Amino acid sequence: MNGRAGSGAGWTAVVRPAPAGRPRRVAGRPRTVRARFVLREAPGVTVGPAGRDADARDPVADAARLAAQRALAEAGRSYLGGLLELRAPGRARAAADRRAVRRAAGRAAALAVAATLRGDDTGVGVRVTRR
């Protein structure tokens, strides 16, 4: 016979462990933090869509705001500000997952600011991964 023997045996799935150098994905469905930055002349960075309660404390929004301010300062544009529209996944159960979401929000905010200053498309998405 040509090819495999006619025993009717199909292909078997091979289970391989994840490479050691890759970060693990947060448990559950794949999650992404999306950020978009609009540059304004007034100093200061505001986070969130219009109509959101500005007085509410949100650690993810705080991390994104600090990252955006840091990115503006590193680019020599700390006299500018803007609006950072941030979409992050819902509440995470484990503390490591919450930290991963905050880190991803900070990375997304910094990338969105850099893209805006370059004149590129400002919509940025960063996957949430644990270290």
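All values derive from a computational prediction rather than experimental measurement. The numbering scheme is per chain: residues are counted from 1 as the chain's sequence reads. pLDDT decides what is reported in this predicted model: residues at 70 or higher carry local features, side-chain atom pairs at 80 or more are listed and counted, and totals for whole chains, interfaces and linings draw on all residues regardless. Hydrogen atoms and water are omitted, and side-chain values are computed over all heavy atoms in the structure.

A. Spotlight on the overall build of the protein chain. Counting its secondary structure elements, the protein chain contains 2 helices and 6 strands. Counting helices and strands in the order they occur from the N terminus, the protein chain gives β-β-β-α-β-α-β-β. Residues count as neighbours in contact if any of their non-hydrogen atoms are within 4.5 Å of one another. Across the protein chain, the fraction of contacts at a sequence separation of at least 24, relative to all contacts at a separation of at least 6, is 81%. Here the accessible surface of atoms and residues is derived via Shrake-Rupley with a 1.4 Å probe, and residues count as covered only by protein chains that are part of the display. Accessible surface, the protein chain as shown: approximately 9,200 Å² in total, 50% of it carbon and sulfur. Only DSSP runs of H or I reaching four residues or more are called helices, and only runs of E reaching two or more are called strands; each is numbered from the N terminus.

B. Spatial organisation of the nonpolar core. Of all hydrophobic cores here, the largest spans 25 residues; its most connected members are Val33, Phe37, Leu84 and Leu86. The greatest single-element share of this core, amounting to 8 residues, is contributed by helix α2 (residues 95-118). Nonpolar cores are built from buried Ala, Val, Leu, Ile, Met, Phe, Trp, Tyr and Cys residues. Side-chain atoms within 4.5 Å join them into one set. Accessibility here uses a 1.4 Å probe with only protein chains present; expressed as a share of the type maximum, an area under 20% marks a residue as buried, one over 50% as exposed, and anything in between as partly exposed.

C. Structural context of helix α1 (residues 59-74). Any helix carries an expected span of 1.5 Å times its number of residues minus one. If you check α1, its first and last C-alpha atoms are 22 Å apart, about what 16 residues at 1.5 Å a residue would give, namely 22 Å. Along α1, the residues classified as buried are Val60, Ala61, Ala64, Ala67, Ala68, Ala71 and Leu72. Angularly, the buried residues of α1 cover 135 degrees about the axis, an arc narrow enough to put them on a single face. Those residues of α1 hidden inside the fold are in contact with β2 (32-40), β3 (44-47), β4 (81-87) and α2. With its phi angle positive at about 80 degrees, Gly76 sits one or two positions after the end of α1. Here, the arc refers to the directions that run from the helix axis to the C-beta atoms.

D. How the structure looks around α2. Here α2 contains 24 residues, and its C-alpha end-to-end distance of 35 Å stays within 8% of the 34 Å for a straight helix at 1.5 Å per residue. Taken together, the buried positions of α2 are Asp97, Ala100, Val101, Ala104, Ala105, Gly106, Ala108, Ala109, Ala112, Val113, Ala115 and Thr116. The elements touched by buried residues of α2 are β2, α1, β4, β5 (124-127) and β6 (129-130). Count one or two residues on from α2 and you reach Gly119, which has phi positive near 90 degrees.

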